[in-house]
Amino acid sequence: MPNTMPTNAPTTEELYQYLGIDYADEVVTANVNNALTDAMSYVKGAVGSDVFDLMPDDPEVWRLVKIYTKEMYDERGEGSAKANNAKREMVHSMEWHIKLALARLREAAEGASV
């Protein structure tokens, strides 16, 4: 993984298990790492660029990163429209939950610095 990954980011081995990868060569490893980097960028854009700073240990944030990593990794395949829509609705709900928690943390941080 790139050196800029937060310390709590999923490891490559954890992602192999999450993605159901039993054997990984250099190409698979590169694809997994690229998918993780893209997923983290997507989460930052979706919920806030400071999400990994303010919520580094939040399991829901990392669950969302894993979901997006899987989606980015599996993007080459086809899925049913119904399943994809259901997943999108669940992920959208998770994004809003994290946005609200992040807003509360920002408020608390601003209140503490005043």
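Cut-offs and rules
Residue positions are given per chain, counting from 1 as you read along its sequence in written order. Per-residue local features of the predicted model are confined to residues with pLDDT of at least 70, and side-chain atom pairs are confined, for both listing and counting, to 80 or more; whole-chain, interface and lining totals are unaffected and use all residues. Computation of side-chain values: all heavy atoms of the structure, hydrogens and water removed. Secondary structure elements are defined from DSSP: runs of H or I of at least 4 residues count as helices, runs of E of at least 2 residues count as strands, and each element is numbered from the N terminus. What makes two residues a contact is simply this: any of their non-hydrogen atoms within 4.5 Å. Multiplying one less than the number of residues by 1.5 Å gives the expected span of a helix. Working definition: with a 1.4 Å probe on protein chains only, accessible area under 20% of the residue-type maximum means buried, over 50% means exposed, and in between means partly exposed. Polar contact is the term for a pair of N or O atoms within 3.5 Å; when the atoms are in protein, one must be able to donate a hydrogen and the other to accept it, and sequence-neighboring residues count only if both atoms are side-chain atoms. Stacked, edge-to-face and tilted are the three classes for Phe, Tyr and Trp ring pairs, Trp counted by its six-membered ring, which pair at centre distances within 6.5 Å; planes under 30 degrees apart are stacked, over 60 edge-to-face, the rest tilted. For every residue, the predictor states its confidence as a pLDDT score lying anywhere from 0 to 100.

Draft legend 1. Representation of the environment of Y42 in the model. Note on placement: Y42 falls in helix 2 (residues 26-47). Sequence separation between Y42 and Y68 is 26 residues, and the spatial gap between their C-alpha atoms is 7.9 Å. If we ignore the near neighbours within four places in the chain, the residues touching Y42 are Y68, M72, R88 and E95.

Draft legend 2. Focus on helix 4 (residues 59-74). In this model, helix 4 (16 residues) spans 22 Å end to end at C-alpha, consistent with the 22 Å of a helix rising 1.5 Å per residue. Regarding helix 4, the residues found buried are E60, V61, W62, L64, V65, I67, Y68, T69, E71 and Y73. Here helix 4 starts with a cap whose side-chain oxygen sits 2.8 Å from the backbone nitrogen of E60, and that cap is D58.

Draft legend 3. Summary view of the packing of aromatic side chains. In the structure shown here, the tally under the stated rule is two aromatic pairs. Arranged with centres 4.5 Å apart and planes meeting at 55 degrees, the rings of Y42 and Y68 form a pair that is tilted. One end of the pair, Y42, is in helix 2; the other, Y68, is in helix 4, and 26 residues separate them in sequence. Accessibility expressed as a relative area gives 38% for Y42, which makes it partly exposed.

Draft legend 4. Up close: the confidence of the model for the protein. Of the residues in the protein, 86% have a pLDDT of 70 or more, and the chain-wide mean is 85. No element of the protein has a lower mean pLDDT than helix 5 (residues 81-113), which averages 82, and none a higher one than helix 1 (residues 12-19), which averages 95.

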